[in-house]
Amino acid sequence: MPGSQAKSMEREEGAGTSFGPMTEELGFHLRRAQVAAFKHFAQSVTAAEGITPGLYGMLQVIANNSGLTQSALAEVMEVDRSSIVKVVNALEDKGLIRRDAAPNDRRSYHLRMTAEGKLALARIEAAVARQDREFSAGLSDDARALLISLLKRLT
């Protein structure tokens, strides 16, 4: 890209703020897309359901892996074990999950959805599906599928 076009693109990225060579870096665009996705999620799902993207992810893993321990949840979600307690407390305080002490280890807890949590998750999933369709409306179905496929290669 010629120098003047590169400078123009740099300025476009931040409405007058230059980001320099970052505009050609994948990580930069992934982060900007993540911020945009989280903002959109917050405006629709969090505003209506009180669930952040992080809590939604944790709730999905618990719902689909009943009996998972807190430690295993922290590991699979790649978060610090000390952080998981706050997340579990938040979901438990909302009445969405329960902690059952492991019969063979009193320090370990198995996580399970409550009946209220299962109903709430169905409602939240519908809100997330709507939000996801709205957020990706600028992409064709094929482009969206391709983008997801490409991103999966990076993880």
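The present account deals with the structure reproduced in this document. (Residues numbered from 1 in each chain as written. Predicted model: local features only at pLDDT ≥ 70, side-chain atom pairs only at ≥ 80, totals over all residues. Heavy atoms only, no water.)

1. Re the packing of aromatic side chains
- Applying the stated criterion across every chain yields a total of two aromatic pairs.
- Consider the rings of Phe19 and Phe28, whose centres lie 5.1 Å apart with planes at 50 degrees: the pair is tilted.
- Ring geometry for Phe41 versus Tyr56: centroids 6.3 Å apart, planes at 45 degrees, classification tilted. Taken together, the positions of Phe41 in helix α2 (residues 26-49) and Tyr56 in helix α3 (residues 53-64) put the pair 15 residues apart, joining distant regions of the chain.
- Given the relative accessible area of 6%, Phe41 is considered buried. (Phe/Tyr/Trp six-rings, centres within 6.5 Å; stacked < 30°, edge-to-face > 60°. Helix = DSSP H or I, 4+ residues; strand = E, 2+ residues; numbered from the N terminus. Buried < 20%, exposed > 50% of the residue type's maximum accessible area, 1.4 Å probe, protein only.)

2. So, the pattern of salt bridges
- Here the structure, examined in full by the defined rule, presents six salt bridges.
- Notably, a salt bridge pairs Glu49 with Arg123, separated by 3.0 Å at the nearest N-O pair. Residue Glu49 is located in helix α2, and its partner Arg123 is located in helix α6 (residues 115-135); the two are separated by 74 residues in the primary sequence.
- Between Asp132 and Arg144 there is a salt bridge, and its shortest N-O distance comes to 2.1 Å. Linking Asp132 in helix α6 with Arg144 in helix α7 (residues 141-154), this pair joins segments that are 12 residues apart in sequence.
- With a relative accessible area of 28%, Arg144 lands in the partly exposed category. (Salt bridge = Lys/Arg side-chain N within 4 Å of Asp/Glu carboxyl O.)

3. Looking at a nonpolar patch on the surface
- Among the surface-exposed residues, Leu26, Leu30, Leu139, Leu147, Leu151 and Leu154 lie close enough to one another that they form a single nonpolar patch of about 500 Å² accessible area.
- Looking at the nonpolar patch, the elements that each hand over two or more residues are α2 and α7.
- In terms of residue count, the dominant contributor to the nonpolar patch is α7 (three residues).
- Along the chain, Leu139 falls in the loop between α6 and α7. (Patch = residues over 30% accessible without salt bridge, like charges linked within 9 Å, V, L, I, M, F, W, Y side chains within 5 Å. Areas by Shrake-Rupley, 256 points an atom, 1.4 Å probe, with all protein chains shown as cover.)

4. Structural notes on the packing of α2 against α6
- Interaxial distance between α2 and α6 falls to 10 Å at its minimum, and their mutual angle equals 140 degrees. Overall, the two elements α2 and α6 adopt an arrangement that is oblique. Considering how the two elements wind past one another, α2 and α6 form a crossing that is right-handed. Within the contact between the two elements, α2 uses Ala33, Ala36, Ala37, His40, Phe41, Ser44, Val45 and Glu49 and α6 uses Arg123, Ile124, Ala127, Val128, Gln131, Glu134 and Phe135.
- For the contact of α2 with α6, the class distribution of residues is nine nonpolar, three polar and three charged. (Axes fitted to C-alpha atoms, helices over the stretch in contact; angles between N-to-C directions. Parallel < 35°, antiparallel > 145°, perpendicular 65-115°, else oblique. Left-handed = near helix turned anticlockwise from the far one by under 90°. Contact = heavy atoms within 4.5 Å. Nonpolar A, V, L, I, M, F, W, Y, C, P; charged D, E, K, R; others polar.)

5. Focus on the pairing of strand β3 (residues 105-113)
- Direction of pairing for strand β1 (residues 68-69) relative to β3: antiparallel, over a ladder of two bridges. Each bridged residue has a counterpart across the sheet, and for Thr69 the counterpart in β3 is His110.
- Direction of pairing for strand β2 (residues 97-102) relative to β3: antiparallel, over a ladder of six bridges. Across the sheet, residue Ala101 finds its bridge partner in β3, namely Tyr109.
- Between β2 and β3, which follow one another and run antiparallel, lie two residues. (Pairing = 2+ DSSP bridges.)

6. Description of unusual backbone geometry
- The phi dihedral of Glu78 falls on the positive side, at around 55 degrees, and the residue is not glycine.
- One can find Glu78 in the loop between α4 (70-76) and α5 (81-93).
- On the accessibility criterion, Glu78 (73% relative accessible area) is exposed.

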